[in-house]
Amino acid sequence: MQVLNQQINLPLLQEKGISLSVKREDAIHPLISGNKYRKLKYNLLEAKRQNFKTLLTFGGAYSNHIAATAYAGKIHGFKTIGVIRGEELKEKWLDNPTLFQANKNGMTFHFTNRQSYQLKESESFLNRLRLKFGSFFVIPEGGTNSLAIKGCEEILTENDKEFNFISCCVGTGGTIAGLINSSNSNQRILGFPALQGDFLKDDIRKFAQNENWELISDYHFGGYAKVDKSLVCFMNDFRSETGIILDPIYTGKMFYGLFDRITKDYFLPGTKVLAIHTGGLQGIIGMNSILKKKNLPLLDL
């Protein structure tokens, strides 16, 4: 699949002598976009190979992965089950745009409290779900497993070898692991985590074969799904100046961090940077409802 690299021309980049391009993985599909398409590709093929009829996966209230799995299951002939973190959502999921759309695309939900959700990978937890739903093919939270890494290794192409740095956001670590594996040894992979904590390094090393990478953990804005006015304003300005919509959970934070580093001369003049846009735009509607309640500016759509 050919994905466009869009050159960004902004005064700051010209002033610093930096070349920045964006790989528009978000344009693959409105719901199965970016890294979700890559992560699901080989999982779906394996589920078909093993003759499973049902996919079961995990996620939170505004999960891009839940939305993508529901639609992918629909078009590929699978039933889908979403194990959703937060029992409180059981009575109000119809008001949640992500879950409403996932259900519209055929997904059945199983809501669980946060304590039980932490045990989601245990055999006892999965066996209880099998008693309720029957046989299913398990796709991990965020889609990250060896099959997902294989898909993410296909993001970079021969034409991308010209770049000195590859930048991406980091959730469960699958996308960056794929990029690390498929990059050249002279390229540096920069990951911008959307979550707090150092546990991601160990998760990434389970799949990554090379050491040409680092995590820049200064731009999580307080943790997963946390945003503030400065991030919203940056994203709206970026869209106005480039025409590219970012998502507030992942790519918005990555680009914010990337431009902050450019401002602070992290990159030498003449550096070529490729930023991976991993999609996730479906979550903007839900985030805007949260921003509205907090009397913060809304994200442009």
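This report concerns the structure included in the present document. (Residues numbered from 1 in each chain as written. Predicted model: local features only at pLDDT ≥ 70, side-chain atom pairs only at ≥ 80, totals over all residues. Heavy atoms only, no water.)

### Quick notes on the environment of Trp213
Okay, so step 1: Position of Trp213 among the secondary structure elements: in strand S9 (residues 213-215).
Okay, so step 2: Spatially, the C-alpha atom of Trp213 lies 10 Å from that of Ser183, the residues being 30 residues apart in sequence.
Okay, so step 3: Contacts of Trp213, omitting those with residues within four sequence positions, involve Ile180, Arg188, Ile189, Lys201, Ile204 and Arg205. (Helix = DSSP H or I, 4+ residues; strand = E, 2+ residues; numbered from the N terminus. Contact = heavy atoms within 4.5 Å.)

### Some words on the pairing of strand S4 (residues 79-85)
In the case of a regular strand, side chains alternate between the two sheet surfaces.
Okay, so step 1: Counted residue by residue, S4 has 5 buried out of 7 residues, so it is predominantly covered.
Okay, so step 2: This β-α-β element, strand S3 (residues 54-59) to helix H3 (residues 64-76) to S4, shows right-handed connectivity.
Okay, so step 3: In terms of strand pairing, S4 meets strand S5 (residues 107-112) through 6 bridges, oriented parallel. Opposite Ile81, over in S5, you have Thr108 as the bridge partner.
Okay, so step 4: Crossover handedness for the path S4 to helix H4 (residues 97-104) to S5: right-handed. (Buried < 20%, exposed > 50% of the residue type's maximum accessible area, 1.4 Å probe, protein only. Right-handed = clockwise from strand over helix to strand, strands pointing away. Pairing = 2+ DSSP bridges.)

### Quick notes on the sheet that holds strand S6 (residues 137-138)
Okay, so step 1: Taken together, the 4 strands give an open sheet; going across it, the order is S5-S4-S3-S6, and neighbouring strands pair in parallel fashion. Each edge of the open sheet carries a strand with a single partner, namely S5 and S6.
Okay, so step 2: When S3 meets S6, the two strands line up parallel, connected through 2 bridges. The partner of Leu55 across the bridge, within S6, is Phe137.
Okay, so step 3: Across the sheet, H3 is in contact with S3, S4 and S5; its angle to S3 comes to roughly 170°.
Okay, so step 4: Where H4 meets the sheet, it contacts S4 and S5, and its direction lies at approximately 135° from that of S5. (Axes fitted to C-alpha atoms, helices over the stretch in contact; angles between N-to-C directions.)

Shape is all these values report; function is a separate question.
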